[in-house]
Protein chains: 2
Amino acid sequence: MLFQKSTYIERRQQLRALVGKGLILLFGNNDAPSNYPANPYKFRQDSSFLYFFGQHRDGLVGVIDADSGREILVGNEIDIDDIVWYGAVNSVKAMAEETGVAETLPMAALADLVSQAKAQGREVHFLPVARHDLKIQIADLVGQHPLSLQASQQLIDAVVTLRSVKTAEEIAELERASAIGYKMHTTAMRLAAQGGVTEQYIAGVIDGIANSYGRGTSFQSIVTTHGEVLHGYPSARLIEQGKLLLCDAGAETNECYCSDHTRTTPVGGRYTPQQRDIYDIVVDCHDLALQVARPGVRYLDVHLDVCRLMTERLIALGLMKGNVEDAVQAGAHALFLPHGLGHMMGMDVHDMEGLGQVHVGYDAKTRPSSQFGLGALRMGRELQEGFVVTDEPGIYFIPALIDQWRANGTNADFLNFDKIEQFKHFGGIRIEDDLLITADGCRFLGEERIPYHAEEVEAFVQ
Amino acid sequence: MLFQKSTYIERRQQLRALVGKGLILLFGNNDAPSNYPANPYKFRQDSSFLYFFGQHRDGLVGVIDADSGREILVGNEIDIDDIVWYGAVNSVKAMAEETGVAETLPMAALADLVSQAKAQGREVHFLPVARHDLKIQIADLVGQHPLSLQASQQLIDAVVTLRSVKTAEEIAELERASAIGYKMHTTAMRLAAQGGVTEQYIAGVIDGIANSYGRGTSFQSIVTTHGEVLHGYPSARLIEQGKLLLCDAGAETNECYCSDHTRTTPVGGRYTPQQRDIYDIVVDCHDLALQVARPGVRYLDVHLDVCRLMTERLIALGLMKGNVEDAVQAGAHALFLPHGLGHMMGMDVHDMEGLGQVHVGYDAKTRPSSQFGLGALRMGRELQEGFVVTDEPGIYFIPALIDQWRANGTNADFLNFDKIEQFKHFGGIRIEDDLLITADGCRFLGEERIPYHAEEVEAFVQ
C-alpha cells in the first residue's frame, strides 16, 4: 500500500459521511483478457477502489455500510495451484488488516449482502464501471442489464469531491510519475533529433522506460509526425526530416499515479521558420495558463483566455481575421484547436473520467458547452487548491476538417481559407504540462522541466 | 493485411466446407478499457477473426452463411470526429473488398441476420469469446446469459483444424516474431550478467524492444530471480548476485504472430557448480525433445520421454530414488516439473487456447490426464507437419509444494526429501524454444539461436 492505514480509514469515513446511508460497493478490477482468458493485459486496479482500499490484487470488492459503519473486504483466498503459478500473496484477511478493514467475506457472499440490503429497502450504491466483466457481475447482483446499470449519483459526487483535491502525499507520488515522464520525453526528443527510426521504435523505447520505472504508460503513447491527428498512434513509418514529431505520453507509478506531457520537436533537431511561427504561439498559450490559473478561477475561463491569445496571434499571421472576441465566441479558432485546454489528472490520466466527465469537470455553476471545440473541454469548473489539471494547447491543420469547413462556409468571416491552404500539410503542435493549483496560483509538476521553448529544445537535442 | 486476398478467401471457403451449414459469426475485438472507457489497452484483434478476415480495426464482425456462401463484413463507418481524433481509416467497404468479402452491413443489422437464421431453424455458430463486451453482445443476440454462452463445437473443431497447421507464409511471420525475441532475450541476459538493476527494469527494456519492433509482448514478461514461481512477474527488487534470472518472454509482430522463449541465466555472468548440476539436466531435456518430436509422435510421449530423462538425472543427483518408469508413472517428478513440456503456438502464444485447451491439445485418441503435473500438459496429441509447439522443460524447487508433499508423504518412495531440503531456496530453471514440426522431424524457429548451453551463455554475456 502506498499510504498509511490511517489514510485509507479516514478516506472511507469521509466517503461514508458524504453518502450518508445505504450499502456502498466499490469494485476492484479483475484481470482483463487480451486474446484469451489466461493471457491478460497487465493488471490495472480500479482507481477508486485503490483510493479507498489501497490493495492491488484482482478479485476484490470493498463494502462500506454507510448506516452501520460496517466495512468488509470481499475476495477469495488463493490455493496451492495459485502459489505454484503466481507465487504466495497476502491473504484477504491480511490485506483487510493492512487497510484497516475489520471483516472479510468470500465473493460468493456478496449476493446475500446485496439482497439483504434490497430486502430492507436500502439503497445499494455502486459507481459506473469500465470493465464489462464487472458490468455483468453487477447486473446479476442488482437485476439490471449490464449495459444500462444505474450507478449512484450520490456515490459519484462523493468520490469526485474527495479525489479531486490531491494531498501533499499524493502530489509527491505525482512528482514521481513526472520524473519518469521526464526520462521518456527527453529520450524521445533526442531520438527525433537523430532521425532514422520509426515512430513505433521511439514509442517502444519510451514505453519501455515507463515499464522499467513504473507500472507502464498512463495511456497509449501518441508518437507521430501527423500531429494533426489528436490521438495519432505510432506507425511503422520512418520519421521524415523536416517534420515535427508530436509525442504525447505519460507514465504511471507502480501505485497508479500518472503524468501526462506532450512535446512537439523537430526531426533533425531544428525548427523551420514556418514551424516557429506556429510553435511559438503554442508556447505562449501554454505559458499563459500558468499565469492565470489559480483557486477561484474557472478553467473554462483559462481555456477562453488561451483561445483569445491564439486567435489574436493567428490573425497577426493572416490565418484568421476579424474581431478576436467575436471569433472566439463563434468558435472559429476551434478549426485549429478542436479540443479543450485540459483535464483533471491524478490516479487516472483523465482523472475520474469513468465516473462521467460532466460530474468531474463541471458543476451547477459551470455547465458544458455543445459548441464544436469548446464541447471537448473536459474540465471547466472553478479551480481549487490541490487540483491537478493539464495545460495542453495545440494548433492543428486537419485537412478533412479544413475541407469540410471551407465547403460549408463555417466561420468564413473569421478564417482566411486561402492562407490556411498553405499550411494544409503542416501537421500539428501540442505542448502539455501538468498544473498543480496552489494556494495562490499554480505551478507545473516535475522537478526537472522537459524543455519546450524552441531555443531550449534545439540546444537540448544537439 | 498480412497475406494476399486469395489466402483469406480460401480459408473462409475451407471453414464453410468444414462447418457445412448454419450461420457463422466471427467476432472481432473491441477496444478494452484499462481504467476508464476512453483509456483502452493497446488494441489486440481476435486471432480467429484475423485469420479469416485479416483486418485489424475494432468493431467488426465477420459473417459467413455456410449454406448460401454469402459473406458479410459487419461494422460501422467512422465520422469526422473519429478522423479528428484518430485519423482517417479505410471504410468498411474498402476493408471488405481487400479481404474478398462482397457485402457489408452496419452493426445494427446483425440482430436481424441472427433472428432470421433462428426463425428459419438454422444453427448460429459462434466461438467462445474471451472479452466480456462480446459476451454481452452475443448474449443479447442469442438470448443466453453472457457467462454461459453455448459456443459451436463444430465451429471450434473446424477453426482448430485449420489454424493448427501453419503454412510457409505463416512460418515466415513466426520467424519475424522470433527475431524480435532474440533481441529481447539477448538484451535481458546481458543486463542480468551486469547486475545492479531491478527485475522490473529488465522487463521494461525487453517490453520496449517488443513494442519498438512489433505489436508488443505476446504475453506479460516473466522476469524473476524466483524462477520457482512459474509465472513470476517482475518485482521492483534489485537482482541479487549469485541468483539465476528466469526470463520467459515473447514478441508479437504487428500482424499478431508470436514468439515464446525462456532463458535462465546467471546474475553476474557465471553459473555456480550447484546451478550447473540442475541447469545441465534442463538443457539435456530441452535437447531431447528436438530429437524425438516428429509427425506421428504424440507430444504426450515426448513429454514423458523428457520426464524419464529428468527423473533418471535427478536420481543420479540423489534428489529422487527408485525406478525411473515407476516414478514417472506415479508423477513423482512433477514436484520439480509441475507443468507440461509445451503448448501450441501461433497467432496466440498458447495457440487457440481460448477455444478450449482440450480441443486444441487433445483428441479422441489422446485424452488429457488429471494427474498433478501431467494434467497441466496443454498439448498431448499426435504431431503433424506444420504444427508449432513450445519445448520448455523446467526444474523448480517450490518451497510450499515441497512442504506439502513432505507433510503428506506424497510420492515419498521416489523423493529424497532430506536432499531436496538442501535445494529448497534454489529457485527454478526453464529453457524454452519454439519447435516447428517438419516433414521428417522438427527444428527450432529462429534464424539466430539465443544461447542456452551453459558455456555458450557464459561466453555470450562476457
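Bear in mind the structure is a predicted one, so any value in this text is a computation, not a measurement. Each chain has its residues counted from 1, following the order in which its sequence is written. To read the labels, note that chains go from A and ligands from 1, taken in the order they are written. Where local features are concerned, this predicted model is filtered to residues with pLDDT of at least 70; where side-chain atom pairs are given and counted, the filter is 80 or more; whole-chain, interface and lining totals use all residues. Based on all heavy atoms of the structure, the side-chain values leave hydrogens and waters out of the count.

Details of the sheet that holds strand β4 (residues 103-105) of chain A
All names here are of chain A.
Right, on to step 1. Two strands are said to pair when DSSP picks up at least two bridges between them. Each helix is a run of DSSP H or I of at least 4 residues and each strand a run of E of at least 2, with the numbering of both proceeding from the N terminus. Spatially, the five strands line up as an open sheet ordered β4-β3-β2-β1-β5, and their pairing is mixed. Taken across any chain shown, the strands that pair with only one partner, and hence form the sheet edges, are β4 and β5 (124-126). On average, adjacent strands in this sheet sit at an angle of 25° to one another, irrespective of strand direction.
Right, on to step 2. Bridge count between strand β1 (residues 23-27) and β5: three bridges; the pairing is parallel. Considered in β5, the bridge of Ile24 is made with His125. Helix axes are fitted only over the stretch in contact, all axes being lines through C-alpha atoms; the angle between N-to-C directions runs from 0 to 180 degrees.

Description of the pairing of strand β1 (residues 23-27) of chain B
Residue and element names in this part refer to chain B.
Right, on to step 1. Under the scheme applied here, a residue whose accessible area is under 20% of the maximum for its type counts as buried, over 50% as exposed, and between as partly exposed, the area being computed with a 1.4 Å probe on protein chains only. Counting buried positions along β1 gives five out of five residues, so the element sits mostly inside the fold.
Right, on to step 2. Neither face of β1 is open: one carries Leu23, Leu25 and Phe27, the other Ile24 and Leu26, and all of them are buried.
Right, on to step 3. Summarising the sheet, β1 and strand β2 (residues 60-65) pair through five bridges and their orientation is antiparallel. Counterpart to Leu26 in the pairing with β2 is Gly62.

A word on the confidence of the model for chain A
Right, on to step 1. Across chain A, the average pLDDT comes to 97, with 100% of residues at or above 70.
Right, on to step 2. Here the predicted complex scores 0.97 on pTM and 0.96 on ipTM. A residue's pLDDT is the predictor's confidence in that residue, given on a scale from 0 to 100.

Focus: unusual backbone geometry
Of all residues except glycine, most have a negative phi; of all peptide bonds, most are trans.
All names here are of chain B.
Right, on to step 1. Not every positive phi belongs to a glycine, and Cys256 is a case in point at roughly 70°.
Right, on to step 2. As for its placement among the helices and strands, Cys256 is situated in the loop between β9 (251-252) and β10 (261-266).
Right, on to step 3. Among the residues examined, Cys256 registers a relative accessible area of 1% and is labelled buried.
Right, on to step 4. Positioned with a positive phi, Asn411 is a non-glycine residue whose angle comes to about 50°.

Some remarks on the relation of the copies chain B and chain A
Right, on to step 1. For the pair chain B and chain A, the superposition axis carries a translation of 0.0 Å, the fit reaches an RMSD of 0.0 Å, and the rotation angle comes to 180°. The two molecules are tied by a two-fold rotation axis, judged by turn and shift. Taking C-alpha positions as the reference, the residue of chain B nearest the rotation axis is B:Gly208, at 1.9 Å.
Right, on to step 2. Taken together, the interface assignments show that 100% of the residues at the interface of chain B recur at the interface of chain A, consistent with an identical surface on both copies. Least-squares fitting of one copy onto the other uses the C-alpha atoms of those residues that reach a pLDDT of at least 70 in both copies. Contacts are residue-level and defined by heavy atoms, with any inter-residue pair within 4.5 Å sufficient.

Considerations on the interface of chain B and chain A
Right, on to step 1. Contact with chain B, which involves 69 residues of that partner, is made by 69 residues of chain A.
Right, on to step 2. For the chain B and chain A pair, buried surface summed over both sides reaches about 5300 Å², with 58% attributable to carbon and sulfur atoms.
Right, on to step 3. Buried area is understood as the total, over both parts, of accessible area removed when two parts are fitted together, assessed with a 1.4 Å probe. Counting the surface chain B buries against chain A, the share from its top three residues, B:Tyr36, B:Tyr41 and B:Trp85, is 14%.
Right, on to step 4. One speaks of a salt bridge when a side-chain nitrogen belonging to Lys or Arg is within 4 Å of a carboxyl oxygen belonging to Asp or Glu. Put simply, chain B and chain A have zero salt bridges between them.
Right, on to step 5. Of all the elements in the fold, those that place two or more residues in the side of chain B that touches chain A are α3 (80-86), α6 (132-142), α9 (199-213) and α14 (399-408) of chain B.
Right, on to step 6. Put simply, Ala, Val, Leu, Ile, Met, Phe, Trp, Tyr, Cys and Pro go in the nonpolar bin, Asp, Glu, Lys and Arg in the charged bin, and everything else, Gly too, in the polar bin. Residues of the side of chain B that touches chain A, tallied by class, amount to 33 nonpolar, 23 polar and 13 charged.

Regarding helix α6 (residues 132-142) of chain A
Right, on to step 1. Most of α6(A) sits inside the fold, with eight of its eleven residues counted as buried.
Right, on to step 2. Inspection of α6(A) places A:Asp133, A:Leu134, A:Lys135, A:Ile136, A:Ile138, A:Ala139, A:Leu141 and A:Val142 among the buried residues, and these make up the whole buried set.
Right, on to step 3. Those residues of α6(A) that are buried lie in contact with β1, α5 (110-119) and β5 of chain A together with α6 of chain B.
Right, on to step 4. Of the residues trailing α6(A), A:Gly143 is marked for its positive phi of about 70°.

Let's talk about the sheet that holds strand β5 (residues 124-126) of chain B
Residue and element names in this part refer to chain B.
Right, on to step 1. Spatially, the five strands line up as an open sheet ordered β4-β3-β2-β1-β5, and their pairing is mixed. Strand pairing shows two members of the sheet lacking a second neighbour, β4 (103-105) and β5, which therefore form its edges. Mean inter-strand twist for the sheet, computed between neighbouring axes without regard to direction, equals 25°.
Right, on to step 2. Pairing analysis gives three bridges linking strand β3 (residues 71-75) to β4, with the strands arranged parallel.

Here we look at the packing of aromatic side chains
Right, on to step 1. Two aromatic rings from Phe, Tyr or Trp, using only the six-membered ring of Trp, form a pair when their centres are within 6.5 Å; if the ring planes differ by under 30 degrees the pair is stacked, by over 60 it is edge-to-face, and anything between is tilted. Scanning the model with the defined rule gives 25 aromatic pairs over all chains in all.
Right, on to step 2. Ring plane angle 70° and centroid distance 5.9 Å describe the contact between A:Tyr213 and B:Tyr201, whose orientation is recorded as edge-to-face. Taken together, the residues span two chains, with A:Tyr213 in helix α9 (residues 199-213) and B:Tyr201 in helix α9.
Right, on to step 3. Both rings, one in B:Phe3 and one in B:Tyr257, keep their centres 6.4 Å apart while their planes meet at 75°; by these two values the pair is edge-to-face.

Quick look at the environment of A:Phe27
Residues and elements named next belong to chain A.
Right, on to step 1. Note on placement: Phe27 falls in strand β1.
Right, on to step 2. Using a relative accessible area of 6% as the deciding quantity, one classes Phe27 as buried.
Right, on to step 3. With 301 residues separating them along the chain, Phe27 and Val328 place their C-alpha atoms 43 Å apart.
Right, on to step 4. Leave out the neighbours within four places in its chain, and Phe27 touches Asp46, Phe49, Leu60, Val61, Leu110, Phe126, Leu134, Gln137, Ile138 and Leu141.

A word on the nonpolar core
Right, on to step 1. Definition used in this section: a nonpolar core is a set of buried Ala, Val, Leu, Ile, Met, Phe, Trp, Tyr and Cys residues joined via side-chain atoms within 4.5 Å. B:Leu15, B:Phe336 and B:Phe397 are the most contacted members of the largest nonpolar core, which has 111 residues in total.
Right, on to step 2. If one sorts the elements of this core by residue count, helix α11 (residues 299-316) of chain B sits on top with nine residues.
Right, on to step 3. The contacts of B:Leu15, once residues within four sequence positions are left out, are B:Ile24, B:Leu26, B:Phe52, B:Ile64, B:Leu155, B:Ala158, B:Val159 and B:Leu162.
Right, on to step 4. Judged by nonpolar contacts, the second largest core, of 110 residues, contains A:Leu246, A:Cys258, A:Leu337 and A:Met347.

A closer look at the pattern of salt bridges
All names here are of chain A.
Right, on to step 1. Enumeration according to the criterion identifies 62 salt bridges over all chains in this entry.
Right, on to step 2. The shortest N-O distance in the salt bridge between Arg449 and Asp433 comes to 2.8 Å. Here Asp433 lies in strand β14 (residues 433-437) and Arg449 lies in the loop between β15 (442-444) and α16 (454-460), a separation of 16 residues in the sequence.
Right, on to step 3. Residue Arg449 is classed as partly exposed on the basis of its relative accessible area of 27%.
Right, on to step 4. Look at Asp433 and you get buried, because its relative accessible area is 0%.
Right, on to step 5. In this structure, a network of salt bridges that share partners links the residues Arg44, Arg163, Lys166, Arg215, Glu252, Asp348 and Asp351.

Quick look at helix α8 (residues 168-194) of chain B
Right, on to step 1. With 27 residues, α8(B) should cover 39 Å at 1.5 Å per step; its first-to-last C-alpha distance of 39 Å lies within 8% of that length.
Right, on to step 2. Backbone geometry just after α8(B) places B:Gly195 at a positive phi near 70°. One less than the residue count of a helix, multiplied by 1.5 Å, gives the span that helix is expected to have.

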